[in-house]
Amino acid sequence: MNQLSINDLKRFKNELTRFMMTYKFALDEIETRIEILVQEFEMLHEYNPIEHTKSRLKSPESIFHKLNRKGGDLSFSGIKESIKDIAGMRITCSFVSDIYVISQMLKSQSDLKVLDEKDYIKNPKPNGYQSLHLIIEVPVHLSDRLESVCIEVQIRTIAMDFWASLEHKIYYKFNQGNQAVPARLLDELKQAAAAASALDLQMERLHAEIEVIKEEQSE
Ligand code: GTP
Ligand code: MG
């Protein structure tokens, strides 16, 4: 077996840094585009459809474990091919309709390519999870080349985010003990998701009604 040298380690660390950097740049790129949309929206409509955004990069450890689970080639090109959520951005919107406005705005940018879309709002997961997921390919201009980099964008309301964050916490505690979540609790979680969804509908209706009143007053 070939002994690896300290130079091999240096080269590997360097390549890993370069690899992870492209994902950071893709996130920077999308963050800027979202920021532009928000500022333009505020200027044109005096309205901001986004409550907050959060970006994250998967750690090399977590990439390694996911690759192990999914089964893929342990090379940078293999990882790029099989793991599409190394870079992730979560956009929390005010109302459900805003989710589709933001998603449409991203989809209509000609240099972005939507590789996959999962609408867990129209089709919630069996546990009640709701969100709109897009896998987007972003062009990243580096000093010597152009790279297409995938990022996962999750767009949801505050109520959907509230449910998903707490569901994740509850599950995480159980999974650490490798226990199955009792059926009654799963059922209650699903009921909580329905309550969050009802709240979204009610807020959306209130928002629409107030918009109509505002328009009538300005006539
Ligand atoms: P993986 O990316 O391998 O997890 O599977 P997938 O490609 O089928 O992913 P999917 O688009 O369904 O979900 C990806 C991400 O959405 C997860 O990493 C979570 O952040 C979020 N997500 C999906 N389902 C749930 C859920 O039931 N509860 C919570 N809290 N988050 C979820
Ligand atoms: Mg995924």
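The rules behind these values
What you see as residue numbers is a count from 1 along each chain, following the sequence as written. As a convention, the first chain written is A and the first ligand written is 1, with the rest following in written order. Restriction of local features to residues with pLDDT of at least 70 applies here, the model being predicted, together with a cutoff of 80 or more for giving and counting side-chain atom pairs; totals for whole chains, interfaces and linings are based on all residues. Hydrogens are left out, water is left out, and the side-chain values use all remaining heavy atoms of the structure. UniProt positions are given in the numbering used here, feature names are shortened, and annotations may be inferred rather than shown by experiment. By convention in this text, a residue qualifies as near a molecule or strand provided that one of its non-hydrogen atoms is within 4 Å of it. The term polar contact refers here to a pair of N or O atoms within 3.5 Å; inside protein, the definition further demands a hydrogen-donor-capable atom paired with an acceptor-capable atom, and it admits residues adjacent in sequence only when both atoms are side-chain atoms. Here a strand is any run of E in DSSP of at least two residues, a helix any run of H or I of at least four, and the numbering for each starts at the N terminus. Per residue, pLDDT captures the predictor's confidence, and it can take any value from 0 to 100. Points on a 1 Å grid over protein atoms alone make up a cavity when a 1.4 Å probe fits among them but cannot get out, and a pocket when they form an open set with protein on both sides within 12 Å along at least five of seven lines; lining residues each have an atom within 4 Å of a point. Grid points are joined across faces, edges and corners, and a volume is the space filled by probe spheres set on the points. Residues enter a patch when their relative accessible area is above 30% and they make no salt bridge; the linking distance is 9 Å between like charges and 5 Å between nonpolar side chains (Val, Leu, Ile, Met, Phe, Trp, Tyr). Accessible surface is estimated by sampling points in the Shrake-Rupley manner with a 1.4 Å probe; for residues, cover comes only from the protein chains shown. Salt bridges, as used here, are contacts in which a Lys or Arg side-chain nitrogen is within 4 Å of a carboxyl oxygen on Asp or Glu. Any two of the Phe, Tyr and Trp rings considered here, Trp counted by its six-membered ring, make a pair once their centres fall within 6.5 Å; the pair's planes then place it as stacked at under 30 degrees, edge-to-face at over 60, or tilted in between. A simple rule labels every residue: compare its accessible area, found with a 1.4 Å probe on the protein chains alone, to the largest value its type can have, and call it buried under 20%, exposed over 50%, or partly exposed in between.

The name given to the protein chain in an unreviewed UniProt entry is GTP pyrophosphokinase family protein, and the organism recorded there is Paenibacillus germinis. As its UniProt record puts it under Pathway (unreviewed entry), the protein chain is described as follows: "Purine metabolism; ppGpp biosynthesis; ppGpp from GTP: step 1/2."

### Remarks on the site of ligand 1
Near ligand 1 you find 14 residues, and of these Lys66, Tyr120, Asn127, His133 and Glu167 are the closest. Here an oxygen atom of ligand 1 and a side-chain polar atom of asparagine 127 are 2.7 Å apart. Between an oxygen atom of ligand 1 and a side-chain N or O atom of glutamine 154, the distance comes to 3.0 Å. Sorting the residues of the shell around ligand 1 by element identifies strand S5 (146–157) and helix H5 (158–176) as the ones contributing at least two each.

### Structural notes on the UniProt feature "domain: RelA/SpoT" (unreviewed entry) in the protein chain
In this numbering, the UniProt entry assigns the feature "domain: RelA/SpoT" (unreviewed entry) to residues 55–178. Measuring from the first to the last C-alpha atom of residues 55–178 gives 29 Å, for a span that is 40% helix and 31% strand.

### Concerning the confidence of the model for the protein chain
For the protein chain, the average pLDDT comes to 93, and 100% of its residues sit at 70 or higher. Interface confidence for the predicted complex, expressed as ipTM, amounts to 0.94; the pTM equals 0.93.

### So, the layout of surface pockets
Estimates place the volume of the largest pocket at around 1200 Å³. For the largest pocket, the lining is made up of 34 residues, of which Arg56, Asp85, Arg90, Glu152 and Gln154 are closest to its centre. Secondary-structure elements contributing two or more residues to the lining of the largest pocket are strand S1 (50–57), helix H2 (60–70), strand S2 (87–93), strand S3 (113–119), strand S4 (132–141), S5 and H5. Of all the elements, H5 adds the most residues to the lining of the largest pocket, at seven residues.

### Concerning a nonpolar patch on the surface
Together, Ile6, Leu9 and Phe12 give the surface a local cluster of nonpolar side chains, amounting to about 320 Å² of exposed area. Mapping leucine 9 onto the fold places it in helix H1 (residues 6–45).

### Re the packing of aromatic side chains
Evaluation of the coordinates by the stated rule reveals five aromatic pairs. Residues phenylalanine 19 and phenylalanine 76 carry aromatic rings whose centres are separated by 4.9 Å and whose planes lie at 40° to one another, so their mutual orientation is tilted. You can see phenylalanine 19 sitting in helix H1 and its partner phenylalanine 76 sitting in helix H3 (residues 76–82), a full 57 residues away along the chain. On the basis of relative accessibility, which here comes to 22%, the residue phenylalanine 76 falls in the partly exposed class. Both rings, one in phenylalanine 41 and one in tyrosine 47, keep their centres 6.2 Å apart while their planes meet at 55°; by these two values the pair is tilted. Of the aromatic side chains, those joined through ring pairs into one cluster are Phe12, Phe19, Tyr23 and Phe76.

### A short note on empty space enclosed by the protein
Per the counting criterion, the structure on display carries one cavity of 30 Å³ or more. Around the largest cavity sit Gly128, Gln130, Ala159, Met160, Trp163, Ala193, Ala196, Ser197 and Asp200, which together line it. Secondary structure elements with two or more residues in the lining of the largest cavity: H5 and helix H6 (183–218). When residues of the lining of the largest cavity are assigned to their parent elements, the largest contribution, four residues, is made by H6.

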